[in-house]
Amino acid sequence: MDPFPRLVSETVTAMITAAWPTTPEESQEWLRHHGIDPDTATERAPRGLSRNWDRARTLGWGSADSGWGTFRGEFVGANWFLWRGSSSDEVMAAAHALADLLTQAHGAPTEATESTEHGGTWLWQLPDHVIDMYAYHGLTRPDGFPAGDACVQLHVDLRERAEAQEEHARAHPAERPAPLTPPDQ
């Protein structure tokens with residue numbers, strides 16, 4: 001598997017033990033230091049006080065998509081979509097290996113669930129950081145609908161900033177466009 005789960009775990013640990021960036025300039029350098037090339041990213045449309053980038057490459061991580069986000073101009077965290085294009089069995093084996101490595105490094109997850117409908121989720125709420133991992137097995141769901149590509153979605157956030165961002169999002173729900181009205185017939 002490219003990247004190996006051990007490399008992912010080591011990168012996550014290096015990130016959360018490093019000084020966390022604040023400014024855009026610090027963020028760019030920090031991302032590069034951890035192997036993410038910010039120059040390859042695509043910025044999504046800003047959403048309120050949050051900005052997000054995705055589709056960045058991570059050196060030596062194969063086809064992994066990397067991204068990051070900010071809130072009120074401060075760096076919140078990094079994320080990846082790992083092992084897309086691999087089989088369901090390979091993705092789930094890599095997810096379990098990564099969960100085991102993160103558990104060895106950071107203790108038991110605060111929450112962990114597995115489901116036949118999607119795959120598994122693991123959440124580590126550390127004193128200063130949050131590690132959130134979703135494993136999608138990519139198999140057809142029990143209701144007959146496809147579940148999407150097999151992959152692992154991983155987030156590493158600075159807890160204080162992520163919680164402030166979440167609190168703001170709950171207090172200011174996204175405005176939705178008015179429903180389309182059918183043309184007169």
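Because the structure is predicted, anything quoted here is derived from the model rather than measured. (Residues numbered from 1 in each chain as written. Predicted model: local features only at pLDDT ≥ 70, side-chain atom pairs only at ≥ 80, totals over all residues. Heavy atoms only, no water.)

(A) Quick look at the nonpolar core. Counting 36 residues, the largest nonpolar core has Trp-80, Leu-82, Met-133 and Leu-154 as the members making the most contacts within it. Of all the elements in the fold, those that place two or more residues in this core are helix H1 (5-17), helix H2 (24-33), strand E3 (50-58), strand E5 (74-82), helix H3 (88-106), strand E7 (119-125), strand E8 (129-136) and strand E9 (151-158). Top element by residues in this core is H3. It accounts for seven residues. Sequence-distant contacts of Trp-80, that is, excluding residues within four places in its chain, are made with Val-12, Met-15, Ile-36, Thr-58, Trp-61, Asp-65, Ser-66, Val-152, Gln-153, Leu-154 and Val-156. (Core = buried A, V, L, I, M, F, W, Y, C linked by side-chain atoms within 4.5 Å. Buried < 20%, exposed > 50% of the residue type's maximum accessible area, 1.4 Å probe, protein only. Helix = DSSP H or I, 4+ residues; strand = E, 2+ residues; numbered from the N terminus. Contact = heavy atoms within 4.5 Å.)

(B) Spotlight on the environment of Trp-53. Within the secondary structure, Trp-53 sits in strand E3. Through-space distance from the C-alpha of Trp-53 to that of Ala-41 is 5.9 Å; in sequence the pair is 12 residues apart. When near neighbours in sequence (up to four residues on either side) are disregarded, Trp-53 contacts Ala-41, Thr-42, Glu-43, Ser-66, Gly-67, Trp-68 and Thr-70.

(C) Quick look at the pattern of salt bridges. As enumerated under the stated definition, the model contains eight salt bridges in all. For Glu-43, the salt bridge is made with Arg-51, and the minimal N-O distance between the two is 2.6 Å. Overall, Glu-43 belongs to the partly exposed group, its relative accessible area being 34%. On the accessibility criterion, Arg-51 (37% relative accessible area) is partly exposed. (Salt bridge = Lys/Arg side-chain N within 4 Å of Asp/Glu carboxyl O.)

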